[in-house]
Every structure is written in C-alpha cells, then in structure tokens.
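# A structural walkthrough
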Amino acid sequence: MSAIRPASDGVDSPFPAARLPPTPPAVPTNFIRQIIDEDNRSQKWAGRVHTRFPPEPNGYLHIGHAKSICLNFGLARDYGGRFNLRFDDTNPTKEEVEYVEAIKRDVKWLGADFEGPHGGGVFWASDYFERMYEWAVELIRKGMAYVCDLPAEEMSRQRGAPTRPGVESPFRGRPVEENLGLFRRMREGEFPDGARTLRAKIDMASPNLNLRDPVMYRILHATHHNTGDQWSIYPMYDWAHGLEDSIEGITHSICTLEFENHRPLYDWFINAINQGRTADGSGPWGQRIHHPQQIEFARLVLNYTVMGKRKMLELVREGHVRGWDDPRMATVAGFRRRGYTPEAIRAFAEETGATKFNAVVDLGRLENALRDDLNRRAPRRMGVLRPLKVVIENWPAGRVEMVECVNNPEDPAAGTRRVPFSGALYIERDDFMEDPPKKFFRLSPGREVRLRYAYLVTCTGVEKDAQGNILAVRCAYDPATTGGNAPDGRKVKATLHWVSAEHAARAEVRLFDRLFTHETPDRADADFRTFLNPDSLEVVREAMLEPSLAEASPEERYQFERLGYFCVDPDSKAGAPVYNRSVTLKDTWAKGGEGGGA
RNA sequence: UGGGGAUUGGUGUAACGGUAGCACGACUGACUCUGACUCAGUUAGUCUAGGUUCGAAUCCUAGAUCCCCAACCA
C-alpha cells in the first residue's frame, strides 16, 4: 500500500524533491531554521524540507495565520522544499465550504503558492479517513485502544486534575474482539452521537492530561462537506494530525505553543502504529510509517487588535465592523481591502521572526512594513481631504495650465503626468493658519509657500463669514516660478499639495484608526467590546482629488502626497470612487509640539 | 499544590563559553519641491541571588515572574 512508507525517513516523500536550487538565506535565522540546518547536516530527512499550513475551514484567516503561512512557505522556498495547504476538516459540525475558497484565495494572495514550484498542492484530512480507521483498528488489535461507553461528563470527571491522577475507565479492559466489533458498529452508525468513543490506552496517572486515555474517535452523525454521510465517526485532532503529516511526508510540522503539551501524544500515536512494524515491511504489521517532527513557536500577538475566532465573529455579527473583510479587521481579507500588500505582510512576518517567546508586536511594525513597500512602488497623486478654497488673485481669468508632476520620486521609470492648475484651488485646511505658532511653516497671512510642481504663492488675505469662519484664502502667485522653481534661488519652508477646484474629482475617502483603544483588549479585565474605538472609522464624503483619480480599479494603490497611502475600495462605482487610507505617512509635525498637527 | 514552556534596551530579535549586535521607535542634526523618503549620530538591555571559569546572556544551583494544559474543539 503506497500510503505506508518506510521509516527510514526522508527518501520516502510521495513527492519528488523540488528542482529549484535553495535560495541563499537572505532572511534572519531563527530556531526553526537552526533545527532544519541540523537535520540537513545529520541527513535526518535526506535533505528534504516539507511543511504545511493546516487550517480548519471554520473561519477567515487572520494576520496570525498569515505569519504561520509565511513561515511555513518561506521554509519550503528557502530550503528548496515543498509546502502543502491542508484542510484539517475533521469536524463537520463546525466547518463550511464557504471558508475553503476564502482560505485558498488568501493563502495564494499572500504568495504562498501551494500549486507553484514549491507547492505540494491542496490536501484534505478527510481524504485520509479510511487509512486512519485502519490504523485505529490496528491499535485496537495491539491492545492500545479501546471502546469506552462513558458519557462525556463522566469521562471528564474521571480524567482527574493536574495534581490528581485520573481513574481508569471500567471499559479499559474490554477484550480486543469486543472492541473491534463495537468500533465497527460505531462506524456503521449504530449508536447515537456521544454514546461511545474510541480511546487510546495510555496512562490515566500521567501528569500530562493529554495522555490520560485521550479520545481518538467520537460519534457524530453529521454531513461532511467532503465525505457526505459516509462516516458517523470522526477522528480527533490529536489522533488525526500526526497521521495527516505522516501521510503527506511532512518533515517539520510547525504549530503554535499551546500544542507543546500535545507533542508527546503526537509522537505516541505514530510510535504506536510503528510498534511491531519494520523498516522493510517484514513482519505482521508491515512497514513503518513516516514520523515527522512537531515544532512549536509563539503565535503572533498584535497590540490593539483581537484575533480570536470567536471575538472576530462577534465583531462581525454584532455589526461593530462591516464584515470579515472590513479594513479594520485583522483578517487577511481585511488587510487586503485596507490596501496592504502581500509583500509588506511577508516582510513583517520575517522581521518579527519565530521564537518560543510570547511577544506582543506593535501594530506600528506592520504599518511600517507597508510604508516601506509602498514608498518604493506607489504612484504619487494629489488629493485634498478637508478642502479650503484658495483664490489666486493675479491669475488670468479662465486660464488653465497643465503642470507636470513626477509620479514617483523613488522610481524615475514611473514617469510624469500633467495636472490642471487654475486660479481657484483647494488646499488642505490644516495647511493654513491665520495665527500660526512658531514652528508652523505652511501657509499663513503674508507668507510664501510652494504649490507642488506649480508656483510659489503668497497669502494676501483671508475671507471669513459673519461668525469668523474662514471661507477662503487669497493668494498672489509669482509668474516667474513656473513648475515651483524660484529663478532667484529663494527658498520657501513649505510645499503644499493642491487640486484645481473646477477639475477636482469628488470621492469618498475612508480613514481608519485602530479598532481598539486598549493595547491588549484580549487580556483586559473588562469585555473586549468595551474597548472598541468609537473613532475607528471616519468617512470623508467629499474629498477633492486630482482628475486622474476619478476612475480607478479596486486594489490600485497610490500615495496621496503628504497624506498617506490610499487604496481603491471595491465599493467604488463609476463616477463615485471610494478610497481607503491604508496608512498615513509619518508625520513629525502632527506628532509634535506647539499644539500642532492635523 | 502536578506537568510543559518562556524571560536580552520602550518594542521585536541575534549571540550557542571569548568585544552584547541588528531592526523598529524615540531624540539630534543633514538633505529635501512630500514636516515623507534618504543619510549621519544619540538614547537604552542580559529577571534575581549564588556558584563554576582566565572569561558567563550562554554552564550549574536556588528563587522570581509570565504563558499553556482537566472539549467527545482545533
């Protein structure tokens, strides 16, 4: 049977080694890479590296999953190995096909191409049910598993406590033949849900609770999205997971810290199957099966966010956000809609590393990774969020000039574009102060500033209504400063972005802030919802953007100069674009002194 | 009170008995047609107490603190 491979480990992958040469380690090392290096040195797996990402299809992927995906795929890629996407679909009562496609899409979007040169493909735990069943029968035959009739509460009671040993089930000594018959009848659906379980016979006194005769199978009369009504028993995680890894020839089975206590069980099950088996398959039980190594690392924890499935679901259900892909959500879909790039998320995953320490990573790190990526790549545009009218007094009536603007100073190849300039403009309200503090060096009465790529202008006056609200600012431009250059070499302290009023494209712009006001809403005393940030979403209904921004397709990303990076939202309609602010630019003015800032 | 993990500047992460380094942040300054970017510099750390050693973040002993474990979830 092809499923059973010798334990000589390594040579026995169902997949040929990837042909691509290993890429040099351009990334920082971590303890997992050290383990792999050592394994390669000792030829433990004959140089193979085969990882996997094993989501249960019961929810959307979040940034923590993204990190795990990047880790696992990165290892496969860097060591010339393979990466499997495997759906751990062992619980039909919780899983839905709807999530399967979403997960595939997210994993692929992140760049972990499970079908590419380093991809092993898509796998399903449910495809292995028959083999798992056979192995379970084998454990019964070996006297290592038994059918238990205890109800759940009773079993729980008998499991004992950390400081107190459990008591052995009265069914523990059930004869092999009886177990075999009962287990077969469980499979055939003869018993109602919860009536019996198959348990491993390990040690009810073990200080590790996981080893106190854990359940391998429970009865569940549920329709499985993949196997339909074929099964009425379903394997438990601990029993199933190592077998899935084994079948796929996984070498390094990477999971999070809370599974550390499960590793002895992971190993116990595979060793139990291998008991009596031999490398060459001689003997009554056949060939040994592959025994992967489980390695645990600390899950990603980001401050000001929640990542638990239940909590995220509540945010969606209770309408605190607009859905799983709300740009404020820490889901992969949310970050994508927000305007994050896979490159930024991957860089973030690498930067934060892999350790066994429960760290809390600052959200700022993620934002920084995005800025870093987009600064190099995003085309620049001009857009005004809170418009303040500017009238150029000495501008020839009706004249429109096309000024040439650089698309990306970081990338000369991005070229230039032409933007209309006229005597009636909008600038940012924050860029004008009638009575400025010392360190404010934007526009104010009597002061000269540059309008980006256009002209130097000097403020000559302010128009106000009866209440004293500023309606418009009057300026005079210097015709000799075409393109924003002063022929006499005179300097101005500030350069402002602007949009010609009559040419402006109206757009909705959504500004996001952190969803929570508490650093760790998860760990706080009060319910996490009490820390929801009431100002996490601000909608600017009528932003004024340069004409080229009138039409754009979803996921196009731009830097609005001096404001931040913006991304077209799928809510956009023809003539009614919607932009999401992915992240602001760093702003040392807003941050600092003199009561300044936007 | 049992078992399993962990602990290095504000944050994250290196070091594997031999100069505690890097990144982010913060702060200075330079540059600048984005108060961005870039560049230069500054700041600040080995949980505690003993011990071994010429030499300890690293090895030993004791302690402190934090995380995980008593679903027929994963």
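Just so you know, these numbers come straight off a predicted model, no measurement behind them. (Residues numbered from 1 in each chain as written. Chains lettered and ligands numbered in written order. Predicted model: local features only at pLDDT ≥ 70, side-chain atom pairs only at ≥ 80, totals over all residues. Heavy atoms only, no water.)

### Remarks on the overall build of chain A
Heads up, the condition is: Secondary structure counts use DSSP, requiring at least four H or I residues in a row for a helix and at least two E residues in a row for a strand, with both numbered from the N terminus. Here, two residues are considered to be in contact whenever any of their heavy atoms come within 4.5 Å of each other. To measure how exposed things are, a 1.4 Å probe is used in the Shrake-Rupley method; for residues, cover is taken only from the protein chains shown. Under this rule, positive means Lys or Arg and negative means Asp or Glu; His and the chain ends count for nothing. To locate a charge, the coordinates of NZ of Lys, CZ of Arg, CG of Asp or CD of Glu are taken.
On a plain count of helices and strands, chain A comes out with 13 helices and 25 strands. Seen through its C-alpha atoms, chain A measures out along the principal axes to roughly 100 × 50 × 45 Å. Counted over contacts in chain A with a minimum sequence separation of 6, partners at least 24 positions apart contribute 71%. For chain A, the computed accessible surface area is about 25,800 Å², with 49% contributed by carbon and sulfur atoms. Distance from the positive charge centre (81 side chains) to the negative charge centre (86 side chains) of chain A: 2 Å.

### Quick word on the protein's contact with RNA strand B
For clarity, the cut-off: Only heavy atoms are used to decide nearness, and a residue is near a molecule or strand if one of them lies within 4 Å of it. Polar contacts, as counted here, are pairs of nitrogen or oxygen atoms within 3.5 Å of one another; within protein the pair requires one atom able to donate a hydrogen and one able to accept it, and residues that are adjacent in sequence qualify only if both atoms are side-chain atoms.
Contacts to RNA strand B come from 66 residues, most closely from Arg380, Phe441, Arg442, Gly483 and Gln559. Backbone sugar and phosphate groups make up 63% of those atoms of RNA strand B lying within 4 Å of the protein. Ala152 has a polar backbone atom sitting 3.1 Å from a base nitrogen of RNA strand B. One of the side-chain N or O atoms of Thr588 is found 3.3 Å from a phosphate oxygen in RNA strand B. If you list the elements that add at least two residues to the surface near RNA strand B, you get helix 5 (152–158), strand 6 (215–219), helix 12 (363–377) and helix 13 (588–591).

### Description of the nonpolar core
Definition in use: Buried Ala, Val, Leu, Ile, Met, Phe, Trp, Tyr and Cys residues that are joined via side-chain atoms within 4.5 Å together make up what is termed a nonpolar core. We call a residue buried when its accessible area falls under 20% of the maximum for its residue type, exposed when it is over 50%, and partly exposed in between, using a 1.4 Å probe and counting protein chains only. The domain limits used here are those given by an automatic or database domain assignment.
Ile63, Phe83, Val107, Leu302 and Leu315 are the most contacted members of the largest nonpolar core, which totals 53 residues. Every element with two or more residues in this core is listed here: helix 2 (63–78), strand 2 (82–87), helix 3 (97–109), helix 9 (309–317), helix 10 (332–338), helix 11 (342–352) and helix 12. Ranked by residues supplied to this core, first place goes to helix 3 with six residues. Of the residues that make up this core, three or more belong to each of domain 1 (31–129 + 236–305) and domain 3 (380–591). If we skip the residues at most four places from it in the chain, Val107 touches Phe53, Leu61, Ile69, Phe83, Leu85, Ala112 and Phe114. Counting residues in hydrophobic clusters, the runner-up holds 40 residues, among them Ile140, Phe183, Ile233 and Ile289.

### Overview of the sheet that holds strand 3 (residues 119–124)
Within a sheet, adjacent strands bond to each other through the backbone by hydrogen bonds, running parallel or antiparallel. Note the cut-off: The criterion for strand pairing is that DSSP finds at least two bridges linking the strands in question. Geometry is summarised by axes, namely lines fitted to C-alpha atoms with helices restricted to the contacting stretch, and by angles between N-to-C directions that run from 0 to 180 degrees.
In spatial order, the strands read 1-2-3; together these three strands make up an open sheet with parallel pairing. At either end of the open sheet lies a strand with only one pairing partner, and these are strand 1 (50–53) and strand 3. On average, adjacent strands in this sheet sit at an angle of 25 degrees to one another, irrespective of strand direction. Pairing of strand 2 with strand 3 involves five bridges; the strand directions are parallel. In the sheet register, Phe87 faces strand 3, and the bridge partner there is Trp124. Against the sheet, helix 3 makes contact with strand 1, strand 2 and strand 3, and its axis sits at roughly 160 degrees relative to strand 2, the strand it touches most. Each of strand 1, strand 2 and strand 3 is contacted by helix 7 (residues 237–248), which is oriented at about 140 degrees to strand 2, the strand it contacts most.

### With respect to the pairing of strand 25 (residues 578–584)
Among the seven residues in strand 25, six count as buried, and that is most of the element. Alignment of strand 21 (residues 505–512) against strand 25, held across three bridges, turns out to be parallel. Opposite Glu508, over in strand 25, you have Val578 as the bridge partner. Direction of pairing for strand 24 (residues 564–568) relative to strand 25: antiparallel, over a ladder of five bridges.

### Some points on the environment of Phe129
With respect to the secondary-structure elements, Phe129 resides in helix 4 (residues 129–141). Through-space distance from the C-alpha of Phe129 to that of Ile233 is 9.6 Å; in sequence the pair is 104 residues apart. The contacts of Phe129, once residues within four sequence positions are left out, are Asp89, Thr90, Tyr217, His224, Thr227, Trp231, Tyr234 and Pro235.

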